[in-house]
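The lines below spell out each chain.
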Amino acid sequence: MSTAGTPLTFSVVICVYTEDRWEDILAAVASVRTQSRPALETLLVVDHNTALRDRLLREYKEAGGVRVLANAGPRGLSAGRNTGIAASRGEVVAFLDDDAVAERDWLRHFAAGYADPAVMAVGGRTEPVWASGRRPAWFPEEFDWVVGCTYRGLPPGRVRVRNVLGGNASFRREAFDAAGGFATGIGRDGDKRPLGCEETELCIRLSRARPDAVLLIDDRAVIHHRVPGAREHFGYFRTRTYAEGLSKALVARSVGAAKGLESERRYTTRVLPAGVVRGLRDAALARPGGARRAGAIVAGVLTAAGGYVVGSVRARRGGTAFSVPPVEPAEGGARG
């Protein structure tokens with residue numbers, strides 16, 4: 001543990017799974033290695049892909065501070081993150097998507113949030129980098145979470161939140177000691193349906209285990225997340241919103257609907273109606289995409305609701321299972 005006047009140490013975990021993102025992975029690692037507040041280490045956790053792991057081992061053989069690990073659990077993002085947590089040595093564990101780059105002061109802004117010892121997690125702002133060069137005219141900012149980015153409706157500045165967003169987040173090690181790791185069976189799993197919400201479930205579980213815990217988002221901690229062309233189409237939008245409904249049903253099963261849907265109630269009753277009105281107003285003013293944005297918001301709500309209903313039925317029938325593993329230091333690993 002750090003003492004008064006001693007800076008916290010940060011481990012950065014980047015979970016990777018495909019060689020198709022090779023250049024993105026290199027860019028992500030480079031952005032961590034050039035931080036104004038240096039990380040203690042960068043851990044690349046490879047999800048059951050021996051060829052990618054071997055290639056990364058060769059790439060970073062001579063690179064100090066970069067470690068390449070194999071996912072020690074079942075296939076998927078949650079188990080990969082848990083592998084990184086267990087192997088890490090920092091007092092704070094930060095997570096960066098494998099197709100994102102962090103701005104130079106990313107870790108410095110995270111660190112500022114931990115000046116308060118009650119703070120157990122700090123997240124940041126994720127900006128989309130569209131493959132086509134600009135946002136599709138029909139794509140509503142209220143649904144930027146579909147492509148893993150910060151969406152309209154989140155409050156600006158450094159603010160207290162229910163949960164951070166997993167691709168741009170950090171946690172004190174004590175958070176995992178108190179609440180366990182990321183639940184397997186909720187989030188993404190290779191090429192299967194694009195599920196999510198594993199960080200939401202963890203954050204709610206953390207707040208229950210540590211009622212005094214403070215979770216923050218600081219919008220100065222910025223990363224830039226690449227959005228591939230395939231995700232700029234309505235087909236992906238519909239698939240992802242449906243999957244979000246399925247995931248929310250699992251979260252509600254784990255932590256109860258009151259907490260599991262607490263933030264979503266405000267989002268669906270205030271943020272989204274305002275987005276529909278804004279889209280219709282733009283349409284009336286002959287601005288591009290206004291009517292389509294309003295329609296996409298309505299479609300997204302209905303599709304997510306359908307996924308939630310289906311997921312809730314499956315959960316009641318016991319057709320979907322997940323588990324919350326404790327996070328223990330890996331063999332040969334060390335705690336901060």
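In this report, we go over the structure that sits alongside the text.

1. Description of the pattern of salt bridges
Note on pairing: side chains with opposite charge can pair once their charged atoms come close. In the structure shown here, the tally under the stated rule is 22 salt bridges. Glutamate 19 is paired through a salt bridge with arginine 55; the nearest N and O atoms lie 3.3 Å apart. With a gap of 36 residues between them, glutamate 19 in the loop between strand E1 (10-16) and helix H1 (22-33) and arginine 55 in helix H2 (residues 50-59) connect regions that are remote in the sequence. By relative accessible area, which is 33% here, glutamate 19 ends up partly exposed. Between glutamate 201 and arginine 205 there is a salt bridge, and its shortest N-O distance comes to 2.6 Å. Highlighted residues: glutamate 201 and arginine 205, both in helix H6 (residues 198-209), separated by 4 residues, approximately one helical turn. Comparing glutamate 201 with arginine 205 shows no difference in burial state: the two are buried. Put simply, Glu141, Glu142, Arg152 and Arg278 are held in one network by salt bridges that share partners.

2. Thoughts on unusual backbone geometry
Residue histidine 48 is not a glycine yet carries a positive backbone phi of 55°. Among the structural elements, histidine 48 can be located in the loop between strand E2 (41-46) and H2. Although it is not a glycine, alanine 286 sits at a positive phi angle of roughly 60°. Turning to its location among the elements, alanine 286 is positioned in the loop between helix H9 (262-284) and helix H10 (290-316).

3. Some points on H1
Its 12 residues place the ends of H1 17 Å apart at the C-alpha level, agreeing with the 16 Å of an ideal helix rising 1.5 Å per residue. Taken residue by residue, H1 has Trp22, Asp24, Ile25, Leu26, Ala28, Val29, Ser31 and Val32 as its buried positions.

4. Overview of the pairing of E1
For E1, the tally of buried residues reaches 7 of 7 residues, placing the bulk of the element in the interior. The alternating pattern of E1 places Phe10, Val12, Ile14 and Val16 and Ser11, Val13 and Cys15 on opposite faces, both of which are buried. Inspection of the sheet shows E1 paired to strand E4 (residues 92-96) by 4 bridges, in the parallel sense. Its bridge partner lying in E4, valine 12 is registered against alanine 94. Across 6 bridges, E1 lies against E2 in parallel orientation.

5. Quick notes on the nonpolar core
Counting 35 residues, the largest nonpolar core has Ile14, Leu44, Leu56, Leu96 and Trp106 as the members making the most contacts within it. Element by element, the count of residues in this core is highest for H1, at 6 residues. Listed in part, the 28 residues of the second largest apolar core include Leu69, Val161, Ala169 and Val327.

6. Points about the side chain of glutamate 232
Mapped onto the elements, glutamate 232 comes out in the loop between strand E9 (214-227) and helix H7 (234-255). Separated by 2.8 Å, the side chain of glutamate 232 and the backbone nitrogen of alanine 131 make a polar contact. If we skip the residues at most four places from it in the chain, glutamate 232 touches Trp130, Ala131, Ser132, Pro136, Trp138 and Val227.

7. Things to note about the packing of aromatic side chains
Applying the stated rule across the entire model yields 17 aromatic pairs. Taken together, a centroid distance of 5.9 Å and an interplanar angle of 75° make the contact between tryptophan 138 and phenylalanine 234 edge-to-face. Within this pair, whereas tryptophan 138 is found in the loop between strand E6 (119-130) and strand E7 (158-160), its partner phenylalanine 234 is found in helix H7, the two being separated by 96 residues in sequence. Residue classification places phenylalanine 234 among the partly exposed positions, given a relative accessible area of 35%. The interplanar angle of 35° and the centroid separation of 5.5 Å between the aromatic rings of phenylalanine 143 and tryptophan 145 together place this pair among those described as tilted. What makes tryptophan 145 buried here is its relative accessible area of 15%. The rings of Trp130, Trp138, Phe139, Phe143, Trp145, Tyr151, Phe234, Phe237 and Tyr267 are connected pair by pair, giving a single aromatic cluster. The side chain of arginine 55 reaches across the aromatic face of tryptophan 22, ending 3.8 Å from its centre.

Rules behind the numbers
- Residues numbered from 1 in each chain as written.
- Predicted model: local features only at pLDDT ≥ 70, side-chain atom pairs only at ≥ 80, totals over all residues.
- Heavy atoms only, no water.
- Salt bridge = Lys/Arg side-chain N within 4 Å of Asp/Glu carboxyl O.
- Helix = DSSP H or I, 4+ residues; strand = E, 2+ residues; numbered from the N terminus.
- Buried < 20%, exposed > 50% of the residue type's maximum accessible area, 1.4 Å probe, protein only.
- Expected span 1.5 Å × (residues − 1).
- Pairing = 2+ DSSP bridges.
- Core = buried A, V, L, I, M, F, W, Y, C linked by side-chain atoms within 4.5 Å.
- Polar contact = N/O pair within 3.5 Å; in protein donor to acceptor, adjacent residues only side chain to side chain.
- Contact = heavy atoms within 4.5 Å.
- Phe/Tyr/Trp six-rings, centres within 6.5 Å; stacked < 30°, edge-to-face > 60°.
- Lys NZ or Arg CZ within 6 Å of the ring centre and 35° of its normal.

Interpretation in functional terms is not warranted from these geometric data alone.
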